[in-house]
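Structural characterization, general
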Amino acid sequence: MAQSFPEDVLEHVFSFLNHDRDRNAVSLVCKSWYDIERLSRRRIFIGNCYAVSPEIVIRRFPDVRAVELKGKPHFADFNLVPEGWGGYVYPWVVSMAGAYPWLEEIKLKRMVVTDENLELISKSFKNFTVLVLLSCEGFTTDGLAYIAANCRNLRELDLGESEVEDLSGHWLSHFPDNCTSLVSLNISCLGSEVSFSALERLVARCPNLKTLRLNRAVPLEKLPNLLCRAPQLVELGTGAYSAEIQSDIFSNLSEAFLGCKQLKGLSGFWDVVPAYLPAMYSVCSQITSLNLSYATAQNPDLVQFVSQCGNLQRLWVLDYIEDVGLEALAAACKDLQELRVFPSDPYDAEGNVTLTEQGLVAVSEGCPKLQSVLYFCRQMSNAALVAIARNRPNMIRFRLCIIEPRAPDYLTLEPLDAGFGAIVENCKELLRLSMSGLLTDRVFEYIGTHAKKLEMLSIAFAGDSDLGLHHVLSGCESLRKLEIRDCPFGDKALLANATKLETMRSLWMSSCSVSFGACKLLGQKMPRLNVEVINERGPPDSGPEDCPVEKLYVYRTIAGPRVDMPGFVWTMDERVSSRFSRATEGHGD
Amino acid sequence: MEVGVMKMVNKEKLGLKETELRLGLPGTDEEIMAKNLIMNSNGKRGYKETVDLKLNFSDMDRTDDRKEKNLHKEKTPAKAQVVGWPPVRSFRKNIMEVQKNGSEETTDKTGMGGAAFVKVSMDGAPYLRKVDLKMYTTYQELFDALGKMFSSFTIGMMDFMNESKLIDLLNDSDYVPTYEDKDGDWMLVGDVPWKMFVESCKRLRIMKGTEAIGLAPRAMEKCKNRS
């Protein structure tokens, strides 16, 4: 059958398809659609930088303008992934520098980026406009100077919560005087003071600046100077929100905020002095996103401020808000969709705030749109979880961290199986779940049975046996990411569900009971998985086969075993595992 | 290097491996540790060549206590001791620490002030770790944690009262913990009171004793002053 549409018509039609899912589907129809699609794909998202190689990507998609890459596993955020594990952006930048001269955007998460990489980026892509580095590390402020100096049309520079070696604040002064393109600047993770006058001038000459997140070193007294020059700001991250109590500072601040008619998001608030919170009252009713999670303000100042924000959709806050504050929130903020409550004192067994399961229940009752929760607390009950589940069947992200591992229902001393079971049973659209507290294999049975849309599951100090893991792997049809620590899960469930792992992005297991022998077997059976054993104590074959590995990271890949592994990471593949087995069988090398 | 290996093998023969100091994570097998004593020709990336094991004789009498403490830790991990729990990002932890300690203007590697997280490197080991100094209250706790992280290595507790012991330690090819302070100077760990150390330490490096000799003079002086 002859081609019904000319190529350029198809290409035009495809240009309306932005989602990868749709583009992937289109590319499977026939060879010509595959070719047209691949030549016209402009945006690439790679959730695991080791799942594919730069060469393969470039070969298939020769004209990409925006790349998003993720490197280290999520548990790297909590120091569970040893330093030097990997996630280097270097090979990507080098390949793309040659292949994608028109590249505009690079977004990286949990990757290692060096100053040389930043220099290469700044010099290789003439139209470079967006650089987002979330939770990255390996670079210094010198690298940022290259970006500032060389990227003529830079629109977005977002350093996220990256670990930047802060040599000086001078880098900001490298933005040339004719740079007027900035739309978003986030330098909140930096410690050094940048030249304030350089910052002021930069802000003043960028009329499209919508997002400005300052670092702690920018003093509160100077904030009005910036706000007056950027009244069009939509998102503001303050610097340190403290100053001596002086009426002129307060009035300048109030006046400056009054001018910010577009402001919708607020963050920052380090070292907050509560007396200055009312300076923002004029914008409170506009605010939809509020991040007070670094603000050590307490009640009543805290709840008073939050209650002013009647249109709040997202709130991140410390547990200083307490149950009473959350009850007020539930009454005042009917549009609330996302709540995150962080612990002010995570290592204190007792805690000195009255934040319990009651606060979360209150919000679940009062806020009909609540769909995303991250909650750190010190006690929980099945009854509370059941109430939350029944109140909010629209929940899609539920992450609960009870600070004491294996803490039971504090009222009945039972496991929290029933509570989490209620969550997965009622919240049918649940995409992400993190659990804590005392949990047996039963909770995994509930999850396997009900959590059909679940994509990401985080488990710690839970379960009794392999059956738990088996329920999850065999039941959760949509599972993409599974991360487990300190659970008695071992070989049987893993091997029995080996093929499941190819349908997922990745599996992380640390301090579990998976044996070295099972890892080898898995690596042999599944050539399209990289089965990586992380053993800091030494090669996994230095003990018997049934010895558990320290950490295991399994992910699907079409790039084969990676070549940049440090000394404490071993890939179990056909060649390697047979070398290991020869050794243990005593055949020698 | 061979001398080091000979030492290890002899000690194993003497059955002294029971007195090895180590903190076992759930599921560790003692056998792994024993096997690590022997050079493994299958060792992949030169890791084995850099292993040196120091058995900590000065702590022999405290071994039993510590073993009990370890068992206890495995059953009910104390919050401060469990790596990565509660799951709070280091970025956040650092910021909270800094705010608690008041807002001093410090510029350090994490960019947010405070000295909570410092990088730890060990000569010959192919990787770095990070420790949060605020998690510990004494040098011994820190050494225990370092020992756990760098597994087959155990870090000697420096006996600052004993000058000759210090000399032995430094002449050995064993390992000695050193740190870089705020002024960029490299010092022997244990030189100053714990709290002062936490404030001033920017990074840790576990050096071979022979290399640390240059740092000895100040420590030696301290010994002299105390005795």
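Residues numbered from 1 in each chain as written. Chains lettered and ligands numbered in written order. Predicted model: local features only at pLDDT ≥ 70, side-chain atom pairs only at ≥ 80, totals over all residues. Heavy atoms only, no water.

Concerning a nonpolar patch on the surface
Residue and element names in this part refer to chain A. Taken together, the side chains of Tyr88, Tyr90, Val94 and Leu120 present a nonpolar region at the surface, about 340 Å² in accessible area. Considering the arrangement of structural elements, one finds valine 94 in helix α5 (residues 90–99). Under the relative-accessibility criterion, valine 94 is labelled partly exposed at 36%. (Patch = residues over 30% accessible without salt bridge, like charges linked within 9 Å, V, L, I, M, F, W, Y side chains within 5 Å. Areas by Shrake-Rupley, 256 points an atom, 1.4 Å probe, with all protein chains shown as cover. Salt bridge = Lys/Arg side-chain N within 4 Å of Asp/Glu carboxyl O. Helix = DSSP H or I, 4+ residues; strand = E, 2+ residues; numbered from the N terminus. Buried < 20%, exposed > 50% of the residue type's maximum accessible area, 1.4 Å probe, protein only.)

So, the side chain of A:Asp115
Residues and elements named next belong to chain A. Looking at the element boundaries, aspartate 115 is found in helix α6 (residues 115–124). Engagement of the side chain of aspartate 115 in a polar contact is seen with the backbone nitrogen of glycine 143, the distance being 3.3 Å. When near neighbours in sequence (up to four residues on either side) are disregarded, aspartate 115 contacts Gly138, Phe139, Thr140, Asp142, Gly143 and Tyr146. (Polar contact = N/O pair within 3.5 Å; in protein donor to acceptor, adjacent residues only side chain to side chain. Contact = heavy atoms within 4.5 Å.)

Re the UniProt feature "domain: F-box" (unreviewed entry) in chain A
The positions UniProt marks with the feature "domain: F-box" (unreviewed entry) are residues 5–46 of chain A. From the first C-alpha to the last, residues 5–46 of chain A spans 31 Å; its make-up is 62% helix and 10% strand. (UniProt positions renumbered as here; feature names shortened; annotations may be inferred.)

Quick look at helix α15 (residues 382–391) of chain A
All names here are of chain A. Among the residues of α15, Asn382, Ala384, Leu385, Ile388 and Ala389 are the ones counted as buried. Angular distribution of buried residues about the axis of α15 spans 160 degrees; they occupy a single face of the element. Projecting away from the buried face of α15 at angles above 90 degrees are the exposed residues Ala383 and Arg390. On its buried face, α15 sits against α14 (357–366), β16 (397–402) and α16 (417–426). (Arc of directions from axis to C-beta.)

Considering unusual backbone geometry
Note the cis peptide between A:Asn299 and A:Pro300, where omega equals 0 degrees. Considering the arrangement of structural elements, one finds A:Pro300 in the loop between β12 (289–292) and α12 (301–307). Cis geometry is adopted by the peptide bond preceding B:Pro86, which originates at B:Trp85 and carries an omega value of -5 degrees. As for its placement among the helices and strands, B:Pro86 is situated in the loop between α3 (63–75) and α4 (90–100). Backbone geometry at A:Phe269 places phi at a positive 65 degrees, although glycine is not the residue there. Considering the arrangement of structural elements, one finds A:Phe269 in the loop between β11 (265–267) and α11 (281–284). A positive phi angle, close to 50 degrees, is found at A:Asp271, a residue other than glycine. Of note, A:Asp271 is situated in the loop between β11 and α11. For A:Asp271, a relative accessible area of 13% gives the class buried.

Comments concerning the nonpolar core
Ranked by size, the top nonpolar core spans 202 residues in total, and within it A:Trp171, A:Tyr241, A:Phe257, A:Leu290, A:Phe398 and A:Leu482 carry the most contacts. With residues up to four places along the chain from it excluded, the contact list for A:Leu290 reads A:Leu266, A:Phe269, A:Phe305, A:Val306, A:Cys309, A:Leu312, A:Arg314, A:Leu315 and A:Trp316. Counting residues in each nonpolar core, the second largest holds 24 residues, with B:Leu133, B:Met187, B:Cys201 and B:Ile206 among its members. (Core = buried A, V, L, I, M, F, W, Y, C linked by side-chain atoms within 4.5 Å.)

Observations regarding the sheet that holds strand β5 (residues 201–208) of chain B
All names here are of chain B. Taken in spatial order, the five strands of this open sheet run β2-β1-β5-β3-β4, and their pairing is mixed. Only two strands of the sheet have a single neighbouring strand rather than two, namely β2 (128–132) and β4 (186–188). Direction aside, neighbouring strands of the sheet carry axes that sit 30 degrees apart on average. In this structure, strand β3 (residues 175–181) lies alongside β5, joined through seven bridges in antiparallel fashion. Looking at β5, one finds that proline 177 is bridged to isoleucine 206. (Pairing = 2+ DSSP bridges. Axes fitted to C-alpha atoms, helices over the stretch in contact; angles between N-to-C directions.)

Thoughts on the packing of aromatic side chains
Residues and elements named next belong to chain A. Across all of its chains, the model carries 25 aromatic pairs over all chains by this definition. Centroid distance tyrosine 241 to phenylalanine 269: 5.2 Å. Interplanar angle 65 degrees. Geometry classified as edge-to-face. Taken together, the positions of tyrosine 241 in the loop between β10 (235–237) and α10 (247–258) and phenylalanine 269 in the loop between β11 and α11 put the pair 28 residues apart, joining distant regions of the chain. A network of ring pairs unites the aromatic residues Tyr50, Phe75, Phe78, Trp85, Trp508, Tyr553 and Tyr555 as a single cluster. Above the plane of the ring of phenylalanine 196 lies lysine 222, whose end atom (NZ or CZ) is 4.9 Å from the centre. For the cation-ring pair, arginine 562 lies above tyrosine 50, with the distance from its terminal atom to the ring centre recorded as 4.5 Å. (Phe/Tyr/Trp six-rings, centres within 6.5 Å; stacked < 30°, edge-to-face > 60°. Lys NZ or Arg CZ within 6 Å of the ring centre and 35° of its normal.)

Overview of the pattern of salt bridges
Tallied over the entire structure, the rule returns 30 salt bridges over all chains. The shortest N-O distance in the salt bridge between A:Arg23 and A:Glu37 comes to 2.8 Å. Of the two residues, A:Arg23 sits in helix α2 (residues 20–27) while A:Glu37 sits in helix α3 (residues 31–40), which places them 14 residues apart along the sequence. By the burial criterion, A:Arg23 is buried, and A:Glu37 matches it. Salt-bridge contacts for A:Asp77 lead to B:Arg89; the nearest nitrogen and oxygen are separated by 3.6 Å.

Some remarks on the pairing of strand β3 (residues 105–109) of chain A
All names here are of chain A. Where strand β2 (residues 66–70) lies against β3, five bridges are found, and the strand directions are parallel. Its bridge partner lying in β3, alanine 66 is registered against glutamate 105. The parallel pair β2 and β3, bridged by α5, forms a crossover whose chirality is right-handed. Where β3 and strand β4 (residues 130–134) come together, five bridges link them in parallel fashion. Directly across from glutamate 105, in β4, lies its bridge partner valine 130. (Right-handed = clockwise from strand over helix to strand, strands pointing away.)

Regarding the packing of helix α1 (residues 7–14) of chain A against α3(A)
All names here are of chain A. Contact geometry for α1 and α3: axes closest at 10 Å, N-to-C directions at 60 degrees. Here α1 lies oblique to α3, going by the angle between them. Along this stretch, α1 crosses α3, giving a crossing that reads as right-handed. Note on element contacts: α3 touches α1 through Trp33, Ile36, Glu37 and Ser40, opposite Glu7, Leu10, Glu11 and Phe14. Grouping the constituent residues of the contact of α1 with α3 by class yields four nonpolar, one polar and three charged. (Parallel < 35°, antiparallel > 145°, perpendicular 65-115°, else oblique. Left-handed = near helix turned anticlockwise from the far one by under 90°. Nonpolar A, V, L, I, M, F, W, Y, C, P; charged D, E, K, R; others polar.)

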